[in-house]
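What the coordinates show
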2 protein chains.
Amino acid sequence: MDHVEKIIGHAEQQCKAHGVRLTVKRKQVLAGLIQSDKALSAYEIVDFCTRHYGQTMPAMSVYRILEFLEHEHLVHKLSLANKYVACAHISCGHAHAVPQFLICRQCSKVKEISIQPATIAELRQSVNEAGFKLVTTQLEMNCLCEGCIAQAA
Amino acid sequence: MDHVEKIIGHAEQQCKAHGVRLTVKRKQVLAGLIQSDKALSAYEIVDFCTRHYGQTMPAMSVYRILEFLEHEHLVHKLSLANKYVACAHISCGHAHAVPQFLICRQCSKVKEISIQPATIAELRQSVNEAGFKLVTTQLEMNCLCEGCIAQAA
DNA sequence: ACGACAAATGATATGTTGTAACATGCTACA
DNA sequence: TGTAGCATGTTACAACATATCATTTGTCGT
Ligand SMILES: [Zn+2]
Ligand SMILES: [Zn+2]
Ligand SMILES: [Zn+2]
Ligand SMILES: [Zn+2]
């Protein structure tokens, strides 16, 4: 049982606990994202599934499935990059806090982190002073990953 | 001379100083964004211009013009919302720092702020600890504006 | 003023991303 | 086994964005 399957197993447990089904197609999409180990656009997922599972995966299905997976917190949508990434904490057990995402501009690798609550509080404070209210503390930041930094040097 | 024209005047000065031209079409797009006082999608700008200036504005032109205006720091592209907003500091004179944007989910109003350097430093520190490097400190945050908060209450 | 060059815009086509609407198939449960 | 609800298939189209080449307009040296 490899790494990906183990995560899928956890995801399946989670879904069962919520009274929803992780169907074959949904597993395919999630597994694709996990295997890729980076953020993919919806159509990249279409291509991935079509190539790996021997039948064309309609874009419509991918969007529907992504919506489902996001709702189950198994996948995160990254608006900054218009891509989708598997949650990094599917196997952790603990319910995960609102995440922040570091997105490599170069290669779409994503790190899902939790910034210091104090820092978040300062951010929220700045927002409040401007008369706005934060709707979510999910942040997305344009970054370069370790690999791409090394490559650039 | 109204508020919008005054800002346009400043923009024109700025362009002249950079040896580039703020043409009629470019002024129309910029004025549209300023008047709207919120972020607009490229096609909303197309509609605005077509309605207000009596001839159809091709989408292609809008994209080209937005690219120009962004390059001149007169307009900012908001990836989080897939929209464009006029810079809030065109008339300020001082060269503006890397901004952070508070975007109202409800009505697309945008506040362009400058978060405490100390907070930014903490963010950068978190990113470095994760092995990534920030490419830009421009942040975009999902918010509700004053008006929409009041309305919701 | 004239011609040459570069910048800006027009026009058309096409690529990419995302949703609407309705048909069909599958699963769980009475 | 019927049936109700969920999931997927199919088709069409809307919204967002870029590529390419033609035409117009502004700039500058002569
Ligand atoms: Zn997560
Ligand atoms: Zn990278
Ligand atoms: Zn600005
Ligand atoms: Zn608002």
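Residues numbered from 1 in each chain as written. Chains lettered and ligands numbered in written order. Predicted model: local features only at pLDDT ≥ 70, side-chain atom pairs only at ≥ 80, totals over all residues. Heavy atoms only, no water.

1. Looking at the protein's contact with DNA strand D
In the vicinity of DNA strand D lie 17 residues, with T23(A), R64(A), R21(B), M60(B) and N82(B) positioned nearest. Here the atoms of DNA strand D within 4 Å of the protein split so that 54% fall in sugar or phosphate, with bases taking the remainder. At 3.2 Å, a side-chain N or O of Y43(B) approaches a base nitrogen of DNA strand D. A distance of 2.8 Å separates a phosphate oxygen of DNA strand D from a polar atom in the side chain of N82(B). If you list the elements that add at least two residues to the surface near DNA strand D, you get helix 2 (24-36) and helix 4 (59-71) of chain A together with helix 4 (59-71) of chain B. Looking at side-chain class alone, the surface near DNA strand D contains 6 nonpolar, 4 polar and 7 charged residues. (Near = heavy atom within 4 Å. Polar contact = N/O pair within 3.5 Å; in protein donor to acceptor, adjacent residues only side chain to side chain. Helix = DSSP H or I, 4+ residues; strand = E, 2+ residues; numbered from the N terminus. Nonpolar A, V, L, I, M, F, W, Y, C, P; charged D, E, K, R; others polar.)

2. Brief notes about the packing of helix 2 of chain A against helix 3 (residues 42-53) of chain A
Helices that pack against each other are described as a pair by the angle of their axes relative to one another and the distance between those axes. Residues and elements named next belong to chain A. Relative orientation of the contacting elements helix 2 and helix 3 amounts to 100 degrees, with a least axis distance of 10 Å. Relative to helix 3, the element helix 2 is oriented roughly perpendicular. From helix 2, Q28, V29, A31, G32, L33, Q35 and S36 reach across to helix 3, where they touch I45, F48, C49, H52 and Y53. For the contact of helix 2 with helix 3, the per-class residue count stands at 7 nonpolar, 5 polar and no charged. (Axes fitted to C-alpha atoms, helices over the stretch in contact; angles between N-to-C directions. Parallel < 35°, antiparallel > 145°, perpendicular 65-115°, else oblique. Contact = heavy atoms within 4.5 Å.)

3. Quick look at the relation of the copies chain B and chain A
Placing chain B over chain A gives an RMSD of 0.1 Å and needs a rotation angle of 179 degrees, together with 0.0 Å of translation along the axis. What the superposition gives is, in effect, a two-fold axis relating one chain to the other. Residues of chain B ranked by C-alpha distance from the rotation axis are headed by L80(B), positioned 2.7 Å from it. The residues that chain B uses at the interface reappear at the interface of chain A in 100% of cases, marking a shared surface. (Least-squares fit on C-alpha atoms with pLDDT ≥ 70 in both.)

4. Quick notes on the domain arrangement of chain A
Residue and element names in this part refer to chain A. Taken domain by domain, chain A holds domain 1 (3-86) and domain 2 (98-152). Just the C-alpha atoms count here: the centres of domain 1 and domain 2 sit 23 Å apart. Contacts between the two partners involve 12 residues from domain 1, matched on the other side by 12 residues from domain 2. Of the roughly 860 Å² buried at the junction of domain 1 and domain 2 (both faces included), carbon and sulfur atoms supply 61%. A per-residue breakdown of the area domain 1 buries against domain 2 is headed by H76, L78 and L80, which together make up 53% of the total. The interface formed by domain 1 and domain 2 contains 0 salt bridges. (Domains from an automatic or database assignment. Buried area = accessible area lost by both parts, 1.4 Å probe. Salt bridge = Lys/Arg side-chain N within 4 Å of Asp/Glu carboxyl O.)

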